[in-house]
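So you can see what is in the structure, the chains are spelled out below.
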Amino acid sequence: MSPQMVISIGREALTVIMMVSGPMLLAGLIVGLIISIFQAITMINEMTLTFVPKILAVAAALLIFLPWMINMLIDFTHHMYSLIPTLAG
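The model shown is predicted, which means the values in this text are computed figures rather than measured ones. (Residues numbered from 1 in each chain as written. Predicted model: local features only at pLDDT ≥ 70, side-chain atom pairs only at ≥ 80, totals over all residues. Heavy atoms only, no water.)

### Digging into the overall build of the protein chain
- If you tally the helices and strands in the protein chain, you get two helices and zero strands.
- The C-alpha atoms of the protein chain give 19 Å as radius of gyration, which overshoots the globular expectation for 89 residues (12 Å, by more than 25%).
- Seen through its C-alpha atoms, the protein chain measures out along the principal axes to roughly 65 × 25 × 15 Å.
- Sorting the 89 residues of the protein chain into buried and exposed places 20% on the buried side.
- About 6,600 Å² of surface is accessible on the protein chain, with carbon and sulfur atoms providing 79% of the total. (Helix = DSSP H or I, 4+ residues; strand = E, 2+ residues; numbered from the N terminus. Rg over C-alpha atoms; globule rule 2.2 N^0.38 Å. Buried < 20%, exposed > 50% of the residue type's maximum accessible area, 1.4 Å probe, protein only. Areas by Shrake-Rupley, 256 points an atom, 1.4 Å probe, with all protein chains shown as cover.)

### Some thoughts on helix 1 (residues 3-42)
- The terminal C-alpha atoms of helix 1, which comprises 40 residues, lie 55 Å apart, in line with the 58 Å expected from a rise of 1.5 Å per residue.
- Those residues of helix 1 lying buried are Ile9, Val16, Val20, Pro23, Met24, Ala27, Gly28, Val31, Gly32, Ile35 and Gln39.
- For helix 1, the secondary structure elements touched by its buried residues are helix 2 (51-87). (Expected span 1.5 Å × (residues − 1). Contact = heavy atoms within 4.5 Å.)

### Some points on the packing of helix 1 against helix 2
- In contact at an axis separation of 10 Å, helix 1 and helix 2 are set at 175° when each is read in the N-to-C sense. As judged from the angle between their axes, helix 1 and helix 2 are roughly antiparallel.
- Classifying every residue of the contact of helix 1 with helix 2 gives 25 nonpolar, four polar and two charged. (Axes fitted to C-alpha atoms, helices over the stretch in contact; angles between N-to-C directions. Parallel < 35°, antiparallel > 145°, perpendicular 65-115°, else oblique. Nonpolar A, V, L, I, M, F, W, Y, C, P; charged D, E, K, R; others polar.)

### Quick notes on a nonpolar patch on the surface
- Residues Met19, Ile64, Phe65 and Trp68 make up a contiguous nonpolar surface patch of about 390 Å² in total accessible area.
- Among the elements that make up the nonpolar patch, the one with the highest residue count is helix 2 (three residues).
- Relative to the helices and strands, Phe65 is located in helix 2. (Patch = residues over 30% accessible without salt bridge, like charges linked within 9 Å, V, L, I, M, F, W, Y side chains within 5 Å. Salt bridge = Lys/Arg side-chain N within 4 Å of Asp/Glu carboxyl O.)

### So, the side chain of Thr50
- The residue Thr50 is located in the loop between helix 1 and helix 2 in this model.
- Relative accessible area serves as the criterion here: at 14%, Thr50 is assigned to the buried category.
- In this view, Thr50 contacts Ile35 and Gln39; residues no more than four positions away in its chain are not counted.

### Comments concerning unusual backbone geometry
- In this structure, Met43 takes a positive phi of about 60° despite not being glycine.
- In this fold, Met43 is placed in the loop between helix 1 and helix 2.
- Residue Met43 is classed as exposed on the basis of its relative accessible area, which comes to 70%.

If you want it as structure tokens, here you go:
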């Protein structure tokens, strides 16, 4: 296995990780930003106010994007399994 192949596999793995986790992180970020603006406008400084909406947003994003995420992970796994015969040489 060449160093270029290791770098390529690592780069592909990081890309898949970012794409799979991206929708949930983005949903949590957007909801957190909206709630922070709401808290700044109303001067409500309740720390627990941010948790429930963020959890709901991340859960909703997970439910919406789960089929796409599973397909991405299955494609990556198939690609990794297809590389096994080329690793021995």
